[in-house]
Amino acid sequence: MADKTIFSRIIDGEIPGTFVYQDEHCVAIRDIQPAAPVHVMVIPRKPIPSIAHLEPEDHALAGHLLMVVKKVAQQEGLAERGYRVVINVGDEGGQTVPHLHVHVMGGRQLTGHGTA
Ligand code: 5GP
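Residues numbered from 1 in each chain as written. Predicted model: local features only at pLDDT ≥ 70, side-chain atom pairs only at ≥ 80, totals over all residues. Heavy atoms only, no water.

1. Description of the side chain of Ser 50
Next up, step 1: Mapped onto the elements of the fold, Ser 50 is located in the loop between β3 (38–44) and α2 (59–75).
Next up, step 2: Excluding residues within four positions of it along the chain, Ser 50 makes contact with Val 89, Gln 95 and Leu 100. (Helix = DSSP H or I, 4+ residues; strand = E, 2+ residues; numbered from the N terminus. Contact = heavy atoms within 4.5 Å.)

Given below as structure tokens:
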């Protein structure tokens, strides 16, 4: 499929990715350009372009993504010291991949509010 997102291609095994978590609804992979010592993205298998495209039927999935953020942060040893969770939305939000994803960053003192 020509318009398949890069994250769908990683999820489908067409291009490599480092998976740290997988379930029936979502995956978590390491960011290829980490902004922190730990930088993981939690990504729904369903290729929803962004938060702006969530539909009522995605209600449970949206909540599930946050529960997986918590799980991955614990797994990565971030839970005690703290970490940052970022979702970029659209052009002015700095979103570069049009497939909803939740950044989980930590492992150093973070400043500002972004992924850069
Ligand atoms: P956004 O800017 O859309 O919020 O975040 C997209 C993120 O995806 C960026 O942090 C970027 O480094 C990451 N990324 C882009 N292409 C790839 C890829 O092919 N593999 C992985 N693991 N991460 C990617």
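What follows picks up the thread again.
2. Quick word on the site of the ligand
Next up, step 1: Around the ligand, the structure places 16 residues, and the nearest of them are Arg 30, Asp 31, Asn 88, Thr 96 and His 103.
Next up, step 2: Note that an oxygen atom of the ligand is positioned 2.5 Å from one of the side-chain N or O atoms of Asp 31.
Next up, step 3: Gly 94 places a polar main-chain atom, nitrogen or oxygen, 3.1 Å from an oxygen atom of the ligand.
Next up, step 4: Protein chains shield 84% of the accessible area of the ligand, which is 520 Å² for the free molecule.
Next up, step 5: Those elements that place two or more of their residues in the shell around the ligand are α1 (6–11) and β2 (26–30).
Next up, step 6: With 3 residues, the top contributor of residues to the shell around the ligand is α1.
Next up, step 7: Residues belonging to the shell around the ligand are distributed by class as follows: 7 nonpolar, 7 polar and 2 charged. (Near = heavy atom within 4 Å. Polar contact = N/O pair within 3.5 Å; in protein donor to acceptor, adjacent residues only side chain to side chain. Areas by Shrake-Rupley, 256 points an atom, 1.4 Å probe, with all protein chains shown as cover. Nonpolar A, V, L, I, M, F, W, Y, C, P; charged D, E, K, R; others polar.)

3. With respect to the environment of Gly 63
Next up, step 1: Of note, Gly 63 is situated in helix α2.
Next up, step 2: Residue Gly 63 is classed as partly exposed on the basis of its relative accessible area of 35%.
Next up, step 3: In sequence terms Gly 63 and Ile 51 are 12 residues apart; their C-alpha atoms lie 12 Å from each other. (Buried < 20%, exposed > 50% of the residue type's maximum accessible area, 1.4 Å probe, protein only.)

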